[in-house]
Amino acid sequence: MIRLQNVSKTYYPTRKSRNATGVEALKPVDLHVPEGQIHGVIGLSGAGKSTLIRCVNLLERPTTGSVSVDGQELTDLSREALNQARHRIGMIFQHFNLLTSRHVFDNVALPLELMGVSRRDIRDRVTPLLELVGLDDKADQYPAQLSGGQKQRVAIARALASRPRVLLCDEATSALDPHTTGAILELLRDINRKLGLTILLITHEMEVVKSICHRVSLISDGELVEAADVGDFFTAPATQLGRDFLNDFLELEPPDALVERLEDQPGAHSHPVVRLAFSGDAVSTPLVSRLARECGVDVSILQAKVESIQDRTLGLMIAELMGDAEDTRRALAYLQDHDLQVEVLGHVQRNA
Ligand SMILES: Nc1ncnc2c1ncn2[C@@H]1O[C@H](COP(=O)(O)OP(=O)(O)OP(=O)(O)O)[C@@H](O)[C@H]1O
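Residues numbered from 1 in each chain as written. Predicted model: local features only at pLDDT ≥ 70, side-chain atom pairs only at ≥ 80, totals over all residues.

Here we look at the environment of Thr173
- As for its placement among the helices and strands, Thr173 is situated in the loop between β7 (166–170) and α6 (178–195).
- For the pair formed by Thr173 and Arg158, sequence separation is 15 residues and the distance between their alpha carbons is 16 Å.
- Residues within four places of Thr173 in sequence aside, it is in contact with Thr181, Ile184, Leu185 and Val208. (Helix = DSSP H or I, 4+ residues; strand = E, 2+ residues; numbered from the N terminus. Contact = placed C-beta atoms within 7 Å.)

Describing the packing of helix α3 (residues 104–114) against helix α5 (residues 148–160)
- Where α3 meets α5, the closest approach of the two axes is 7 Å, and the angle between their N-to-C directions is 30°. In terms of orientation, α3 and α5 fall into the roughly parallel class. In this structure, α3 meets α5 at a crossing whose hand is right-handed. On α5, the residues that touch Val104, Asn107, Val108, Leu110 and Pro111 of α3 are Val154, Ala157 and Arg158. (Axes fitted to C-alpha atoms, helices over the stretch in contact; angles between N-to-C directions. Parallel < 35°, antiparallel > 145°, perpendicular 65-115°, else oblique. Left-handed = near helix turned anticlockwise from the far one by under 90°.)

Considerations on the domain arrangement of the chain
- Domain boundaries assigned for the chain yield domain 1 (2–231) and domain 2 (251–349).
- The straight-line distance from the C-alpha centre of domain 1 to that of domain 2 is 41 Å. (Domains from an automatic or database assignment.)

A look at the site of the ligand
- In the vicinity of the ligand, the contacting residues are Tyr11, Val23, Ala25, Gly43, Ser45, Gly46, Ala47, Gly48, Lys49, Ser50, Thr51 and His204.
- Going through the elements one at a time, β2 (23–33) and α1 (49–56) are the ones with two or more residues in the shell around the ligand.
- Class assignment of the residues belonging to the shell around the ligand gives a composition of four nonpolar, seven polar and one charged. (Near = placed C-beta within 6 Å. Nonpolar A, V, L, I, M, F, W, Y, C, P; charged D, E, K, R; others polar.)

What about the sheet that holds strand β6 (residues 89–93)?
- Judged by pairing direction, the sheet is mixed, and its six strands sit side by side in the order β6-β7-β8-β3-β9-β10 without closing on themselves. The open sheet is flanked by β6 and β10 (223–229), the only strands paired with a single partner. The mean angle between the axes of side-by-side strands here comes to 15°, regardless of whether they run parallel or antiparallel.
- The pairing of strand β3 (residues 38–43) with strand β9 (residues 215–220) spans five bridges and is parallel. Residue pairing for β9: Ile42 is matched across the bridge by Leu218.
- Sitting on the sheet, α5 is in contact with β6 and β7, with an inclination near 165° to β6. (Pairing = 2+ DSSP bridges.)

Observations concerning the nonpolar core
- Formed by 87 residues in total, the largest nonpolar core has its most connected members in Val108, Leu168, Leu200 and Leu276.
- Here this core spans two domains, and each of domain 1 (2–231) and domain 2 (251–349) adds at least three residues to it.
- Among all residues touching Leu276, those that are not within four sequence positions of it are Leu316, Met317, Ala319, Leu335, Leu340, Gln341 and Val342. (Core = buried A, V, L, I, M, F, W, Y, C linked by C-beta atoms within 7 Å. Buried ≥ 20, exposed ≤ 12 C-beta atoms within 10 Å, placed from the backbone.)

Details of helix α4 (residues 119–132)
- Given a rise of 1.5 Å per residue, 14 residues ought to cover 20 Å, and the 20 Å separating the end C-alpha atoms of α4 matches this to within 8%.
- Three or more residues of α4 are buried, namely Ile122, Val126 and Leu129. Relative to the axis of α4, the buried residues are bounded by an arc of 60° and lie together on one face. Counted as exposed and oriented over 90 degrees from the buried face of α4: Arg120, Asp121, Arg123, Asp124, Pro128 and Glu131.
- Summarising the contacts, the buried residues of α4 are in contact with α3 and α5. (Expected span 1.5 Å × (residues − 1). Arc of directions from axis to C-beta.)

Brief notes about the sheet that holds strand β13 (residues 312–322)
- Strand order in the open sheet formed by four strands is β12-β13-β11-β14, with antiparallel pairing between adjacent strands. Only two strands of the sheet have a single partner each, and these edge strands are β12 (298–309) and β14 (341–349). With direction set aside, neighbouring strand axes in the sheet form an average angle of 15°.
- Here strand β11 (residues 270–279) pairs with β13 via seven bridges, running antiparallel. Of the residues in β13, the one forming a bridge with Phe278 is Gly315.
- Sheet strands in contact with helix α12 (residues 325–337) are β11, β13 and β14, and its direction is about 10° off that of β11.

Here it is in structure tokens:
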């Protein structure tokens, strides 16, 4: 449904300064979001998320590459044809971008007015949309009279007015409290299911990815460095940045007192400290007793938790494996053989 090929964006100070050094916000990226999927792009501030999503509806014109939405190449279109094509691409923003002088009904009606739709057809379209987003009793209120969550609901209804095939969400919940964020994400999931709408969203919050995305891409310094189904990403991120996002989200870091004692290299009397992630059958395996029985190592659990990521269960643990060098080596091999993700955080002297 959305296909970016070789899309890059360099910002130059002025239109005529292409020979000057610009800011390379997006390096050439490829991205494919199939119909009906919710795809999240996550990254740190300044990574290029907004630039990427704004290239999809050409709010930013890419410096290179092709952008195709619903089978239509957008970069070749005339201004008028592009305006037509944009009716099929709704967008919502972090700060809602509502017109303060129009009440709720007229905010939602705006794109239809611009399309020249009759007043009667507008009523027939806007009324069920307000019901869909749960604001049918607020039609005559002004944005200033609404909460943040309600404003975003108006923005969602407005984005849906032209019956788009695709919805772009630019940090749509970043200005909302956690409870309201949950409600808006629930609404987006509902819309995705009911209308079969394809959604591309950008966020810096793992909670958003965990709650509603089917697939996620990680953006860093203008590059898409990792892409995975959400269950896989939360179980075994492929990059260090992915692991950092996951660990921050799960708040699973070794205690500070232990970090200070960690050494990179094993010593004659040190033990490895490991971070383990396990999903599927491994969650219900009596791991600790098996390591003791089969490998002869004792396991000191420093932190552990179990998370539900959509339909998967993810177990996480930080543990010290205590035994001689040969036994701990066997224990690490045992864990890897049983499909656990094992990261050795360092080594700690037993009697330090
Ligand atoms: N109009 C612009 N002119 C010049 N540089 C820009 C422009 N817009 C963005 N940039 C630069 O491009 C890079 C990527 O910015 P972008 O806004 O896409 O990142 P982001 O991941 O959305 O960040 P944030 O989460 O903070 O909004 C940054 O270095 C930014 O300073």
